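Listed here are the chains, written in short residue letters.
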Amino acid sequence: MLRTEGLAKTFTLHLRGGMQLPVLSGIDLAVSTGECVVLSGPSGAGKSTLMRSLYGNYRAEAGHIWIRHHGEMIDIAAAEPRIVLAVRRETLGYVSQFLRVVPRVSTLDIVADELITRGVAQDEARDRAGALLLRLNIPRRLHSIPPATFSGGEQQRVNLARGFIAAHPILLLDEPTASLDADNRAVVIAMVNEAKARGTAIVAICHDAEVRDAIADRLFPLSPTQEAA
Amino acid sequence: MTLLRARGLSLRFKAIRALDDVAVDLWPGEVLAIVGESGSGKTTLLNVLSGRMAPDAGTVWYTDPEGQEHDVHAMPAPALRTLHRSDWGFVHQDPRQNLRMNVSAGGNVGERLMARGARNYGDIRAEAIDWLTQVEIDANRVDDLPRTFSGGMLQRLQIARTLVTHPRLVFMDEPTGGLDVSVQARLLDLIRTLVARLGIAAVLVTHDIAVARLLAHRIAVMQRGRVVETGLTDQVLDDPQHAYTQLLVSSVLQA
């Protein structure tokens, strides 16, 4: 479903006199249908950088990121923007750590929009969004409110609902349970395992050992790259 | 096939290079933001792309609904005017440039429909009211003159006037410039929703990176008349490659 070959990423900081920060090099990661691979390693090892590169949010500097999109392998590292957008819409989902709030849009619509842009009728989209939010313990009285004023945990659950609702064949999860209590962690573990049972390929970053043990089929260790001179 | 395609655009204002070998591709349904500081050539590029200003060199091609490409700057003036009244729309920073201030709000919207050949008064009025509602202007203001409207309302009226004919391509020059932040948020959400629902392609000039992030699929960063970086909006903003883009992104105040 997803495979990287010799993926490398170095940040060049022009505002710091062109300082080079090598973060990833020679990454070969492969994830199959129904498999959950958890990226492991200390802070600064490049877990989030790898995740963002897989999504095309960071530009890979070398190597390939092959994604199976409608049966065809597409290299996210080289694809044109509109192809990357199509892959994100139909194949590759991403749950970031933080919700980027769109002003004025209600919680229900934020989640339902994910289905509407994929051609689901508005009523059905709103019904399914409402049901998923309830499952994540976001009570119905909050559905009509924009999530800007929600707590960190509530925002993360809105973000999870938004990420899971479209049932992408590949999902990237960046700390999906970081600010959740035990009950909600259990809901997320169940959702991840259901997605795996459907055949979803998952790459996750997850510091919580309990959640990691419950979802991971395999760990993919990363270690900090040596500083270049 | 691209909707709009430009190659080698150059334009000098005396010693100033306003455009220096600029290339642009815009695909149907795509929103492209042109960002950069004042004087970087953003608005000049918008004016050249929309045929309002001729370049010294380079070509802009527009693909019509039949798949035929037209050289925008070689078109006869009447054909270009027709294009601006039908397939295209232009949203100015100052809505007064586009609106007729001595004609009612409904008239401002209905006029675009009449220019396209609509003749039934009842239909035109009904559609004008429908569009005023879509841009969140109360239907009972339909007969009021625009000069009784606030800045935010004028901008929304301009958007209704522009979108009523369902253009395929809209040019926007700082559509939220000069508005209060709360009014801006409402307008941005409105533009975002309407553009997505109608599948409109847009070229949006803005100096506000947050506006670009919210509305655009793709970004082109301009500095001194050149496009120095282009790519997916979130990629350019989260992982800027060019020194100038890094400066631009790091200079934004976090609210």
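Residues numbered from 1 in each chain as written. Chains lettered and ligands numbered in written order. Predicted model: local features only at pLDDT ≥ 70, side-chain atom pairs only at ≥ 80, totals over all residues. Heavy atoms only, no water.

As for the interface of chain B and chain A
It is common to give the size of an interface as the accessible area lost on bringing the parts into contact.
Now for step 1: Residue-level contacts link 26 residues of chain B with 23 residues of chain A.
Now for step 2: Carbon and sulfur atoms make up 51% of the area that chain B and chain A hide from each other, which totals about 2000 Å².
Now for step 3: Interface area lost by chain B to chain A is led by B:Leu232, B:Gln235 and B:Asp239, which between them contribute 25%.
Now for step 4: Of the charged contacts, one joins A:Arg59 and B:Glu229 as a salt bridge, the two residues approaching to 3.6 Å between their closest N and O atoms.
Now for step 5: Taken together, the connections running from chain B to chain A amount to 12 residue pairs in polar contact (both at pLDDT 80 or more).
Now for step 6: Elements with a contribution of two residues or more to the side of chain B that touches chain A: helix 6 (181–198), helix 7 (209–215), strand 10 (226–232), helix 8 (233–238) and helix 9 (243–250) of chain B.
Now for step 7: The residue makeup of the side of chain B that touches chain A, split by class, is seven nonpolar, eight polar and 11 charged. (Contact = heavy atoms within 4.5 Å. Buried area = accessible area lost by both parts, 1.4 Å probe. Salt bridge = Lys/Arg side-chain N within 4 Å of Asp/Glu carboxyl O. Polar contact = N/O pair within 3.5 Å; in protein donor to acceptor, adjacent residues only side chain to side chain. Helix = DSSP H or I, 4+ residues; strand = E, 2+ residues; numbered from the N terminus. Nonpolar A, V, L, I, M, F, W, Y, C, P; charged D, E, K, R; others polar.)

What to know about the nonpolar core
Now for step 1: B:Val109, B:Leu157, B:Ile159, B:Met172 and B:Ile219 are the most contacted members of the largest nonpolar core, which totals 46 residues.
Now for step 2: Lining this core are residues from two domains, each supplying at least three of them: domain 1 (1–87 + 168–255) and domain 2 (97–166) of chain B.
Now for step 3: Aside from chain neighbours lying at most four places away, what touches B:Ile219 is B:Leu32, B:Ala33, B:Val35, B:Ala212, B:Glu229, B:Thr230, B:Gly231, B:Thr233, B:Val236 and B:Leu237.
Now for step 4: If you look at the next biggest cluster of nonpolar residues, it comprises 39 residues, including A:Val95, A:Val102, A:Ile138 and A:Met191. (Core = buried A, V, L, I, M, F, W, Y, C linked by side-chain atoms within 4.5 Å. Buried < 20%, exposed > 50% of the residue type's maximum accessible area, 1.4 Å probe, protein only. Domains from an automatic or database assignment.)

Focus: the packing of aromatic side chains
Now for step 1: Applying the stated criterion to the full structure yields five aromatic pairs over all chains.
Now for step 2: A ring pair is formed by A:Phe11 and A:Tyr58, whose centres lie 5.3 Å apart and whose planes are at 85°; its orientation type is edge-to-face. Residue A:Phe11 is located in strand 1 (residues 2–13), and its partner A:Tyr58 is located in the loop between helix 1 (47–54) and strand 5 (62–69); the two are separated by 47 residues in the primary sequence.
Now for step 3: The class of A:Phe11 is buried, set by a relative accessible area of 17%.
Now for step 4: Members of the aromatic cluster, each reached through a chain of ring pairs, are B:Tyr62, B:Trp88, B:Phe90 and B:Phe171.
Now for step 5: The residue whose ring lies beneath A:Arg88 is A:Tyr55, and the NZ or CZ to ring-centre distance is 4.1 Å. (Phe/Tyr/Trp six-rings, centres within 6.5 Å; stacked < 30°, edge-to-face > 60°. Lys NZ or Arg CZ within 6 Å of the ring centre and 35° of its normal.)

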